[in-house]
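Architecture and fold: a report
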Amino acid sequence: MRAAILREYGEPLDVREIPEPDPGPDGALIRVTACGVCRSDWHAWAGHGEWADDRVPRGQVLGHEPAGEVIAVGDSVDRFTPGDRVVVPFSLGDGTCPRCRRGHGNVCDDGRALGFEPDAPGAFAERVAVPDADYNLVERPPWLDATAAAALGCRYMTAYHALAERVELGGGEWLAVHGCGGVGLSAVQLGDALGARIVAVDVDDGALSLARDLGADEVANPNDLCGDEKAVPDRIRTLTDGGADVSMDALGIAETCRNSVRSVRPRGTHVQVGLTTEAERGEVSLPTDWMTRWEVSFVGSRGMPPTSYDDLFALVEATDVDPAALVSDELALSEVSERLAAMEEYDARGVEVVTDFEG
């Protein structure tokens, strides 16, 4: 099968034929129909994560937002059969640890991250193996095609878990979203569906225009504000009459993280979704005394448990949320390297999805 393999950090992926993976007795083999290209793939491609003992090794098949069809299952798999239409979460649990049993498989004690470690080769490939399939695989509803399901991958379900489950965003609350890439735009769309009022922040007017189309009530471009480090939080406080109830850093650089924290009102909550870059190396200084004074909460959020998909599907079906509206381009497998390089300069908008695995 054809697959895109990390050969050297920051260099084009090696697209070549490799053996088809063996799903094992408890796994399933999936024919990949679509797979999103995410900023987390860029982090892996760039060689980030060494500071957290999380650097993706050379030789890894990347790709972690797949949707497709089951073509084979192991003898121990009960819930799935060949022909089932599925989506695959990137945070794979074993289904047996205390966290998995409580519905938190995204932080499984023995979890694996699809496309980021040797035990879980990724989905920039014609086939992908999913371990512990009865726990990790999710059947797609009939109304959800593979491309839209790939758009629901890491970024969309991450935004859902962060807003609906980690901070329980409520109707009428103000949500500030810092960074309107894939996960940020997903947060805008989902925040609107949850009934929140939204301020979208980005340095790209095109991204802000798309954010408005997806439900943002207000937008702010830091380039249009004065250079003071409090300019963005001050603008958000003005727009929201005192600060956001919830503010999300969807990018992961020090500036957006601190701006997000400073944007919340007293007893508000910052939720961190974006991962840091080489510049921060996993560490961002924060105004902790100010946070203590105003009882500001800092919440981390990663992926989404596979057990939450039914709730996400129900929200999408019950509202006018359209994950496919985030898809900006469909790609061939051979184009992934170019699009990862474009993320270096933030030259990517919306969600790009691989749908041609032969090109």
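Keep in mind that what you see is a predicted model, and the values were worked out from it rather than measured. In every chain, residue numbers begin from 1 and rise along the written sequence. Local features are withheld for residues below a pLDDT of 70 in this predicted model, meaning they are given only at 70 or higher, and side-chain atom pairs are given and counted only at 80 or more; totals for whole chains, interfaces and linings count all residues. Hydrogen atoms and water are omitted, and side-chain values are computed over all heavy atoms in the structure.

Observations concerning the overall build of the protein
Here is the rule: Put simply, DSSP marks the helices as runs of H or I at least four residues long and the strands as runs of E at least two long, and each gets a number from the N terminus on. The atom set for the radius of gyration is the C-alpha atoms, and the globule formula is 2.2 Å times the number of residues raised to the power 0.38. Categorising residues by exposure relies on relative accessible area from a 1.4 Å probe, with only protein chains included: less than 20% of the type maximum marks a residue as buried, more than 50% marks it as exposed, and the intermediate range marks it as partly exposed. Here, residues are in contact when the closest pair of their heavy atoms is within 4.5 Å. Accessibility throughout is a Shrake-Rupley quantity obtained with a 1.4 Å probe, and a residue counts as covered only by protein chains that appear here. None of His or the chain ends enter the tally, which takes Lys and Arg as positive and Asp and Glu as negative. Lys charges are placed at NZ, Arg charges at CZ, Asp charges at CG and Glu charges at CD.
The helix and strand inventory of the protein stands at 11 helices and 17 strands. What you see for the protein is a C-alpha radius of gyration of 20 Å, in line with the 21 Å of a compact globule of 359 residues. Projected onto its principal axes, the C-alpha coordinates of the protein cover approximately 60 × 40 × 35 Å. Residues classed as buried in the protein amount to 57% of the 359 residues present. Excluding contacts between residues fewer than 6 apart, the proportion of contacts in the protein whose partners are at least 24 apart in sequence is 71%. As presented, the protein carries roughly 14800 Å² of accessible surface, and 43% of it is formed by carbon and sulfur atoms. Taken together, the 31 basic and 64 acidic charged side chains of the protein have centroids lying 5 Å from each other.

Let's talk about the UniProt feature "domain: Enoyl reductase (ER)" (unreviewed entry) in the protein
Put simply, the test is: UniProt positions are given in the numbering used here, feature names are shortened, and annotations may be inferred rather than shown by experiment.
Following the UniProt record, one finds the feature "domain: Enoyl reductase (ER)" (unreviewed entry) at residues 10–354. Helix makes up 30% of residues 10–354 and strand 22%, whereas the separation of the span's terminal C-alpha atoms amounts to 20 Å.

Points about the environment of S91
Note that S91 resides in strand β6 (residues 91–92). Taking the C-alpha atoms as reference points, S91 and S247, 156 residues apart in sequence, are found 24 Å from one another. Apart from the residues within four sequence positions on either side, S91 is in contact with G105, N106, R112, N136, R302, M304 and P306.

With respect to the pattern of salt bridges
Selection criterion: By salt bridge we mean one thing: a side-chain nitrogen of Lys or Arg within 4 Å of a carboxyl oxygen of Asp or Glu.
Following the criterion strictly, the structure yields 12 salt bridges and no others. Residue R99 pairs with D109 through a salt bridge whose shortest N-O separation is 2.8 Å. Of this pair, R99 sits in helix α2 (residues 98–101) while D109 is found in the loop between α2 and β7 (112–113), placing the two residues 10 residues apart along the sequence. In this structure D109 comes out as partly exposed when scored by relative accessible area, which is 48%. Of the charged contacts in the structure, one is a salt bridge between D245 and R265, with a shortest N-O distance of 3.6 Å. Separated by 20 residues along the polypeptide, D245 in strand β13 (residues 244–249) and R265 in strand β14 (residues 264–272) bring together distant segments of the chain.

With respect to the domain arrangement of the protein
Selection criterion: An automatic or database domain assignment supplies the start and end points of every domain. The term buried area refers to how much accessible surface (probe radius 1.4 Å) is lost by two components on association, counted for both of them together. Think of a polar contact as two N or O atoms within 3.5 Å of one another; within protein, one of them needs to be a possible hydrogen donor and the other a possible acceptor, and neighboring residues in sequence only count if both atoms come from side chains. Charged means Asp, Glu, Lys or Arg here, nonpolar means Ala, Val, Leu, Ile, Met, Phe, Trp, Tyr, Cys or Pro, and polar covers whatever is left, Gly included.
Assigned domains within the protein: domain 1 (2–154 + 304–356) and domain 2 (156–300). The centre of domain 1, based on its C-alpha atoms, is set 26 Å off from the matching centre of domain 2. Across the contact, 31 residues belong to domain 1 and 26 residues belong to domain 2. Summed over both partners, the interface of domain 1 with domain 2 buries about 2300 Å², with 65% contributed by carbon and sulfur atoms. When the buried surface of domain 1 facing domain 2 is broken down by residue, W51, L326 and R349 rank first, second and third, together holding 28% of it. Here domain 1 is connected to domain 2 by 10 residue pairs in polar contact (both at pLDDT 80 or more). Of all the secondary structure elements, the ones that give two or more residues to the side of domain 1 that touches domain 2 are α1 (39–46), α4 (146–166) and α10 (309–318). Broken down by element, the residue count for the side of domain 1 that touches domain 2 peaks at five residues, all from α10. Looking at the side of domain 1 that touches domain 2 residue by residue, the classes come out as 19 nonpolar, eight polar and four charged.

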